[in-house]
Amino acid sequence: MTLELHGLAKSYGGFVAVEGADLKVGRGTFLTLLGPSGSGKTTILSMIAGFTEPTSGQIFLDGREVTQEPPEKRQFGMVFQGYALFPHMTVAENVAFPLRVRGMAKAEREEKVKGALDLVQLSRFADRLPKQLSGGQQQRVALARALVFEPALLLLDEPLSALDKKLRAELQEELRALHRRIGRTFINVTHDQEEAMSLSDSVAILNHGRIIQLGAPEALYEQPRTRFVADFLGKSNFLPGTVREVTQGALGVQVGALRIRQAAGAAKAPLGASVLLSLRPEKIQVLEEGEAADNVLEARVVSWSYLGAGYSIIVDTALGPLRLAMSAWRAPFHPAEGAAIRLGWSAEAATIVEDDDVS
Amino acid sequence: MEGAYKPGWFARSTGLIVALYLVLPILIVLPVSLTDQRFLSLPRETLSLQYYRNLFSSPEWFSSILQSFWIALGSTTLAVVAGTLFAIAAWRLDRRLVNLMRALMLLPLIVPSIVYAIGLYRYFRWWDLLDRVLGVIIAHGVTAIPYVVITVSTALAAFDPRLEQAARGMGASLPQLLRWVILPRIMPGIVSGAIFAFIHSWDELVIVLFIASRDVFTLPRRIWDGINENVDPTMAAVAVLLVVFTVLLLLADLTVRKKRDS
């Protein structure tokens, strides 16, 4: 099953919620729509499900247009934010609902319900009411209910947002395993970048109703197209500069008083162009005495915090404040406020991004 | 509620006084119904069950009880069907016209019943519904609609709209959605409305006085006539039965609400 969106847009009066989304989701893909609240991700999902009528654009399912079809005709499984389990039905009745709607015979229905509950390891709770279950269990019931009628497409609206961190991590793993096992197309909506990266084959990053970048999680993290993407997916330092030198395979970017050697993305920028460099905190090294690097910068520690696996350190430099992440195990120095250190990073560490920060 | 101010002696005692004021006139009929005298009064020498016996052996009283019961049942059915359908429609449409309709639906509650009764009298004479059980059922049913509209609307306001989305997403048609999701969710509201509609008809007098004469003699009307013509203590016995019955209905309503809230 492939799903295609062509210029899908939605506006409410003068407010544009989604601005012409184009997307192609292949069979068996786990796609996540990731963005801050108000970015239009839920509206897109709601249009795919058929609950929201698009202002313009089309939705195709295996090449057949479904834009005007009501949700009950589209037959997608959906897991709602807050689960939307029927409170007056038991777990088994909830899961049986989509089968009952289809007029399936009782014996066959019971068998399917049992299978679906086994899939999410909830067979023991078949006769309980939803309110007698924990949040994580309710979430799994919602999942079983969405999958029991074997829909080709499963839509997930912030399915894990109501759970605490540890349970969320657990269910993320279950969800990923489930996706591999049944091989259906999943479309997930979330504002949690960790969830998006750990679950998805493909992530679409949205902001202000537009899809900013679409790609595999690694590609988005390593080659963010814009400042927003680099900033939303993980953390980053941004260095605005001007290209002053173009040599074989590398640029000389003047940032303040420093000439930075930048190799990655060198083809994108001609001599004299203004560029924005995005430099991930973990790609900045703390240099030891006499150690060399492509780019070297003197810094002073302003503040730091210990996070168990590592330190997050804010330093002051000639280029302004920078954030760096340092592994705590065999750390090259013990952070202390005011400590003078030397930072270094290679010419491949930073990426050149488009400056789309309008705020 | 934790952390709230505790009520002081003033609040407690006024609360008690108001409660007594509400309950005492009802409680007084109990000793009166057990009187050993021949007129409406408190018992003097001994307690007697003679008027209860009198009530059940008298064909007039008994037929009035039956008639009131059937009328209440019929008008409750009418009010529940019309009120529930209206509440669901108003909830789904929710436009300006509907808000106007909603206000109109509550009219029988606001307009004095005597005004309503005069109007009904005119219409019913044209339609030949005067002094007919069907006429009283229609009159009581229509005036009970507001109770059902209010309780069902309240239940619908608490209905999570995502349940409807979930049901549609799973392929449910509108009738399936209504039967399997919406109706079970608002059933406590419907039952509550039905109980109020029943009580409304059960003790309604003003309208009946206008539109019934000889053939329809409901219980409240029998009491009314009794108190006008003679001061038979049987009325007190009837009143006690009425109170007991109403309290039972209200208790049923409480249980329904408790079940819904849990």
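Only a predicted model underlies this, so the values are computations on that prediction, with no experimental measurement involved.

What counts and how
Residues numbered from 1 in each chain as written. Chains lettered and ligands numbered in written order. Predicted model: local features only at pLDDT ≥ 70, side-chain atom pairs only at ≥ 80, totals over all residues. Heavy atoms only, no water. 1 Å grid on protein atoms, 1.4 Å probe; cavity = no way out; pocket = protein on both sides within 12 Å on 5 of 7 lines; lining within 4 Å. Points joined across faces, edges and corners; volume = space filled by probe spheres on them. Helix = DSSP H or I, 4+ residues; strand = E, 2+ residues; numbered from the N terminus. Domains from an automatic or database assignment. Core = buried A, V, L, I, M, F, W, Y, C linked by side-chain atoms within 4.5 Å. Buried < 20%, exposed > 50% of the residue type's maximum accessible area, 1.4 Å probe, protein only. Contact = heavy atoms within 4.5 Å. Pairing = 2+ DSSP bridges. Axes fitted to C-alpha atoms, helices over the stretch in contact; angles between N-to-C directions. Polar contact = N/O pair within 3.5 Å; in protein donor to acceptor, adjacent residues only side chain to side chain.

Draft legend 1. Broad picture of the layout of surface pockets. All names here are of chain A. Estimated volume of the second largest pocket: approximately 470 Å³. Looking at the second largest pocket, it is lined by 17 residues, and the ones nearest its centre are Gly234, Lys235, Glu282, Leu307 and Ala325. If you list the elements that add at least two residues to the lining of the second largest pocket, you get α7 (193–199), β17 (310–317) and β18 (320–327). When residues of the lining of the second largest pocket are assigned to their parent elements, the largest contribution, 4 residues, is made by β18. Both domains that furnish three or more residues to the lining of the second largest pocket are identified here as domain 1 (3–231) and domain 2 (235–353).

Draft legend 2. Structural view of the nonpolar core. Formed by 96 residues in total, the largest nonpolar core has its most connected members in A:Leu3, A:Phe97 and A:Ile187. With 8 residues, helix α10 (residues 174–202) of chain B is the single largest residue contributor to this core. Those residues within four positions of A:Leu3 in sequence are excluded, and the remaining contacts are A:Leu23, A:Lys24, A:Val25, A:Ile48, A:Ile59, A:Phe60, A:Leu61, A:Leu153 and A:Ile187. In terms of nonpolar packing, the next biggest core, distinct from the first, is built from 32 residues, A:Ile284, A:Val286, A:Leu297 and A:Ile313 among them.

Draft legend 3. Molecular detail of the sheet that holds strand β8 (residues 185–190) of chain A. Residues and elements named next belong to chain A. Strand order in this open sheet of 6 strands is β6-β7-β8-β3-β9-β10, and the pairing throughout is mixed. Of all the strands in the sheet, the pair left with one neighbour each is β6 (77–79) and β10 (210–215). Across this sheet, the average inter-strand angle for adjacent strands is 15 degrees, counted without regard to direction. In this structure, strand β3 (residues 30–34) lies alongside β8, joined through 5 bridges in parallel fashion. Its bridge partner being in β8, Leu33 is matched across the sheet by Val189.

Draft legend 4. Layout of the environment of A:Thr32. All names here are of chain A. Within the element layout of this structure, Thr32 appears in strand β3. For the pair Thr32 and Ser303, spaced 271 residues apart in the sequence, the C-alpha separation amounts to 35 Å. Filtering out sequence-adjacent residues up to four positions away, Thr32 remains in contact with Asn188, Thr190, Ala196, Ser200, Ser202, Val203 and Ala204. A distance of 2.5 Å separates polar atoms of two side chains, one belonging to Thr32 and the other to Ser200.

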